[in-house]
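# Descriptive analysis of the structure
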Amino acid sequence: MDVPELLRRAACHVPVAVTGEAGITVADANEYLDHDEWEIALDILVELGDAYRTETAFWELLAEAARMM
């Protein structure tokens, strides 16, 4: 599995309605992934994970993506 796929799988764990402090959403993370901006997508997903109670699998996917980056 590659980094974008890991991040996209993690994004699936966050409901569409969840927003971060600046109003960012999982759609923003996906848009950055579409443009190969993996680091920004990862940062957004971390922020969303802090804003929403996510499952352990979410954090494991992000950790694996970070290790691969």
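Residues numbered from 1 in each chain as written. Predicted model: local features only at pLDDT ≥ 70, side-chain atom pairs only at ≥ 80, totals over all residues. Heavy atoms only, no water.

## Some details on the environment of Asp34
To be explicit about the condition: Helix numbers and strand numbers start at the N terminus; a helix is a DSSP run of H or I with at least 4 residues, a strand a run of E with at least 2. With a 1.4 Å probe rolled over the protein chains alone, any residue whose accessible area is under 20% of its type maximum counts as buried; one over 50% counts as exposed, and the rest are partly exposed.
With respect to the helices and strands, Asp34 occurs in helix α2 (residues 26-34). Judged by its relative accessible area of 54%, Asp34 falls in the exposed class. For the pair Asp34 and Pro4, spaced 30 residues apart in sequence, the C-alpha to C-alpha distance is 8.8 Å.

## Notes on the packing of aromatic side chains
What counts is decided by this rule: A pair of Phe, Tyr and Trp rings is counted when the ring centres sit within 6.5 Å of each other, with Trp represented by its six-membered ring. The angle between the planes then sorts it: under 30 degrees is stacked, over 60 is edge-to-face, the rest tilted.
This structure, assessed with the given rule, holds 1 aromatic pair. Between the aromatic rings of Phe58 and Trp59, the centroid separation amounts to 5.0 Å while the plane-to-plane angle is 85°, which identifies the pairing as edge-to-face. Overall, Phe58 belongs to the buried group, its relative accessible area being 0%.

## As for the packing of α2 against helix α3 (residues 38-51)
Each pair of packed helices can be described by the angle between their axes along with the distance between the axes. Under the convention used in this document: Angular values range over 0 to 180 degrees, each being the angle between N-to-C directions of two axes fitted as lines to C-alpha atoms, with helices fitted over their stretch in contact. Oblique is the label for every angle not falling under 35 degrees (roughly parallel), over 145 degrees (roughly antiparallel), or within 65 to 115 degrees (roughly perpendicular). In this scheme the handedness of a crossing depends on how the near helix is turned from the far one: anticlockwise by less than a right angle means left-handed, clockwise means right-handed. By the convention used here, residues are in contact when the closest approach between their heavy atoms is within 4.5 Å. Any residue that is not Ala, Val, Leu, Ile, Met, Phe, Trp, Tyr, Cys, Pro, Asp, Glu, Lys or Arg is counted as polar, Gly included; the first ten are nonpolar and the last four charged.
The interhelical angle for the contact between α2 and α3, taken along N-to-C directions, is 165°, at an axis separation of 8 Å. Comparing their axes, α3 and α2 come out roughly antiparallel. For α2 against α3, the interelement crossing comes out left-handed. Between α2 and α3, the contacting residues are Val26, Asp28, Ala29, Tyr32 and Leu33 on the first element and Trp38, Ile40, Ala41, Ile44, Leu45 and Leu48 on the second. Partitioned by chemical class, the residues of the contact of α2 with α3 number 10 nonpolar, no polar and 1 charged.

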